[in-house]
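Single-letter residue listing:
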Amino acid sequence: MAKKAAKKQPSQSTAVEGEVPVVGAREACPCGSGRRYKACHGRQAAHAVQELVHRPFEGLPGEADWVALRELVPAATVPLVLAAGVADEAVGDVPSVTLATVLPLAWPALRRPDGSILLGLQTQSSSGDLSRDLADALELALATEPGTPVPARRTNPGGRRLQELLDTSAAFEPEVHTGFEFWLEDAEAATGEVAASLERANASAIPTEKLAGVDSAYWCGTPDKNHLRWVMTVPEEQLLDALARLSASGDSSLGEGTKLVGSFRAHGLTVPVWDLPVEMTAAEVEKPAVEFAAKLAEVLAAPAPLTAEERRARANLVSRQVTLN
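In what follows, the accompanying structure is described. Everything numeric in this text was worked out from a predicted model, so none of it was measured. (Residues numbered from 1 in each chain as written. Predicted model: local features only at pLDDT ≥ 70, side-chain atom pairs only at ≥ 80, totals over all residues. Heavy atoms only, no water.)

### So, the pattern of salt bridges
And step 1. Scanning the model with the defined rule gives 12 salt bridges in all.
And step 2. Ionic pairing is found between Asp129 and Arg132, a salt bridge with its closest N-O pair at 3.6 Å.
And step 3. On the basis of relative accessible area, Asp129 is assigned to the buried category, the value being 3%.
And step 4. With a closest N to O distance of 2.7 Å, Asp129 and Arg161 form a salt bridge. (Salt bridge = Lys/Arg side-chain N within 4 Å of Asp/Glu carboxyl O. Buried < 20%, exposed > 50% of the residue type's maximum accessible area, 1.4 Å probe, protein only.)

### A look at the pairing of strand β2 (residues 97–100)
And step 1. Residues Val97 and Leu99 line one face of β2 and the alternating positions Thr98 and Ala100 line the opposite face, and both faces are buried.
And step 2. Relative to β2, strand β1 (residues 76–80) runs antiparallel, the two being bridged by 4 bridges. Across the sheet, Pro79 pairs through a bridge with Thr98, a residue of β2.
And step 3. As paired elements, β2 and strand β4 (residues 117–120) share 4 bridges and run parallel to each other. (Helix = DSSP H or I, 4+ residues; strand = E, 2+ residues; numbered from the N terminus. Pairing = 2+ DSSP bridges.)

### Quick notes on a negative patch on the surface
And step 1. There is a patch of like negative charges on the surface, built from Asp114, Glu181, Glu185, Asp186 and Glu188.
And step 2. With respect to the helices and strands, the residue Glu188 is situated in the loop between β6 (175–176) and α5 (192–204).
And step 3. Classification of Glu188 by relative accessible area gives exposed; the value is 81%. (Patch = residues over 30% accessible without salt bridge, like charges linked within 9 Å, V, L, I, M, F, W, Y side chains within 5 Å. Areas by Shrake-Rupley, 256 points an atom, 1.4 Å probe, with all protein chains shown as cover. Lys, Arg positive; Asp, Glu negative; His and termini not counted. Charge placed at Lys NZ, Arg CZ, Asp CG, Glu CD.)

### Focus: the packing of helix α6 (residues 236–248) against helix α7 (residues 282–301)
And step 1. Between α6 and α7, the least distance of the axes is 9 Å, while the angle of their chain directions is 115°. The angle between the axes of α6 and α7 places the two elements in the roughly perpendicular class. The handedness of the crossing between α6 and α7 comes out as right-handed. Note on element contacts: α7 touches α6 through Phe292, Lys295, Leu296, Val299 and Leu300, opposite Gln238, Leu239, Ala242, Leu243, Arg245 and Leu246.
And step 2. Of the residues contributing to the contact of α6 with α7, the split by class is 8 nonpolar, 1 polar and 2 charged. (Axes fitted to C-alpha atoms, helices over the stretch in contact; angles between N-to-C directions. Parallel < 35°, antiparallel > 145°, perpendicular 65-115°, else oblique. Left-handed = near helix turned anticlockwise from the far one by under 90°. Contact = heavy atoms within 4.5 Å. Nonpolar A, V, L, I, M, F, W, Y, C, P; charged D, E, K, R; others polar.)

In structure tokens form, the structure reads like this:
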């Protein structure tokens, strides 16, 4: 009579459950199971990629400006303040952390020789949660030796988000630049290919200015016409109703030759867009924007069913809406 097969014992090399590093799909899973990563802990990572966070910057100060800098503004920087204890995780001192719209070669982050960090905002998202992706790049920058760029990597699922790494009580105050000189500590001394790369980047940047009188509104200039792109945190359905009522009553413009032409949808927020005459500067649109903000607030404070004309105006706005992500 054949011996009964002994019950297979778990492999002694199997790692205790916990944080498992991300590796290639066909590589052995780092947990020690003996299976390929894609058939083991990679399933969890793949599931995390599919979980899209609708408003990744919600809970951060300046949510609308985060969206604008991610999608609309070519060159800008913002000082960031780390949450208590986060700087203690760094290799060496961290004199400052600065958010930048984009970095050379689309680096996720850069650790300068003095230990300060530049965090790139306009980078590719790999997890479906841009806040988690940016936090992962920031954590990697903290662990990187000074004077080194941070390479792109697949975000570890379940990692911390920006809302956990940053001091959410600190102000978020973007500074819009005319070019990308902020990439370098001494841009005037740049020569050769570095200077040429900087010149090419500056040539591609659309002139952009942030309005001072209202929140999260950005003027930009193009050869044919100028635009105002205004990121708003009002819930989309309420905002579209209010914009429709203002459009139907003839109160949606920002002055002669201007027109509300539609909106973007980006990271859970709505971004109304106006066409402006090519000669209209950012300074000249300040007063009309403040006046429009007051009219919008008044309409939002007194919601009412839309009339037939207002419904037509709303349908026109919706037909011109573009989703950026």
